[in-house]
Amino acid sequence: MVYAVNQGEASEKARSFIDMNHYTTTTLLDQKGDVGREYKVSGIPTLVIIGRDGKIAAHFVGVHTEEQLREGLKKAGL
């Protein structure tokens, strides 16, 4: 499954951005930044790939190549 997490914004602002860009990914709200702190988000975008075992398999900050992202998915067994 893929989830987006909006950090630090009101739900109305996040919904407006999602609608404007026609995003269909399920988006969760992290208004207080708790999830961001838990996953050590230090920049936007941050991508965390969690394996089937529930452990972090890869952690990316910033923009990365498709090859790098596929390697992260492979580490997760996906």
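Report follows, based on the coordinates. Predicted model only: the values in this text are computed from it and were never measured.

Counting buried positions over the 10 residues of helix α3 (residues 66-75) gives 1, only a small fraction of the element. Just downstream of α3, Gly77 is the residue with a positive phi angle, here 80°.

A few words now on the pattern of salt bridges. Side chains that carry opposite charge are capable of pairing whenever their charged atoms lie near each other. Summed over all chains, the structure comprises 5 salt bridges. Glu9 is the partner of Lys13 in a salt bridge, and the nearest nitrogen-oxygen pair spans 3.7 Å. Residue classification places Lys13 among the exposed residues on the basis of a relative accessible area of 54%. Between Arg70 and Glu66 there is a salt bridge, and its shortest N-O distance comes to 2.8 Å. Here Arg70 and its partner Glu66 are both found in helix α3, 4 residues apart, which amounts to about one turn of the helix. Under the relative-accessibility criterion, Arg70 is labelled exposed at 53%.

Here we come to the pairing of strand β4 (residues 56-61). When strand β3 (residues 46-50) meets β4, the two strands line up antiparallel, connected through 5 bridges. For Thr46, the partnering residue across the bridge sits in β4 and is Val61. Taking the residues between adjacent antiparallel strands as the criterion, β3 and β4 are bridged by 5 residues, where Gly54 takes a positive phi near 85°.

A cluster of nonpolar side chains, contributed by Met1, Tyr3, Val5, Leu28 and Val35, occupies part of the molecular surface with about 540 Å² of accessible area. Considering the arrangement of structural elements, one finds Leu28 in strand β2 (residues 26-30).

Moving on, we get to the side chain of Asn6. Mapped onto the elements, Asn6 comes out in strand β1 (residues 3-7). Its relative accessible area of 16% is what places Asn6 among the buried residues. Setting aside residues no more than four positions away along its own chain, Asn6 makes contact with Ala14, Thr27, Leu28, Leu29 and Asp30.

All right, on to the environment of Gln7 then. Counting through the fold element by element, Gln7 comes out in strand β1. Spatially, the C-alpha atoms of Gln7 and Leu28 are 8.7 Å apart, while their sequence positions differ by 21 residues. Here Gln7 is in contact with Asp30, Gly33, Gly36, Val41 and Ile44, once residues within four sequence places are set aside.

Our next topic: the packing of aromatic side chains. Inspection of every chain in the model, using the stated rule, returns 1 aromatic pair. With 5.9 Å between their ring centres and 50° between their planes, Phe17 and Tyr23 make a pair best called tilted. For Phe17, a relative accessible area of 43% gives the class partly exposed. Exposure remark for Tyr23: the relative accessible area of 47% places this residue in the partly exposed category.

Parameters and conventions
- Residues numbered from 1 in each chain as written.
- Predicted model: local features only at pLDDT ≥ 70, side-chain atom pairs only at ≥ 80, totals over all residues.
- Heavy atoms only, no water.
- Buried < 20%, exposed > 50% of the residue type's maximum accessible area, 1.4 Å probe, protein only.
- Helix = DSSP H or I, 4+ residues; strand = E, 2+ residues; numbered from the N terminus.
- Salt bridge = Lys/Arg side-chain N within 4 Å of Asp/Glu carboxyl O.
- Pairing = 2+ DSSP bridges.
- Patch = residues over 30% accessible without salt bridge, like charges linked within 9 Å, V, L, I, M, F, W, Y side chains within 5 Å.
- Areas by Shrake-Rupley, 256 points an atom, 1.4 Å probe, with all protein chains shown as cover.
- Contact = heavy atoms within 4.5 Å.
- Phe/Tyr/Trp six-rings, centres within 6.5 Å; stacked < 30°, edge-to-face > 60°.

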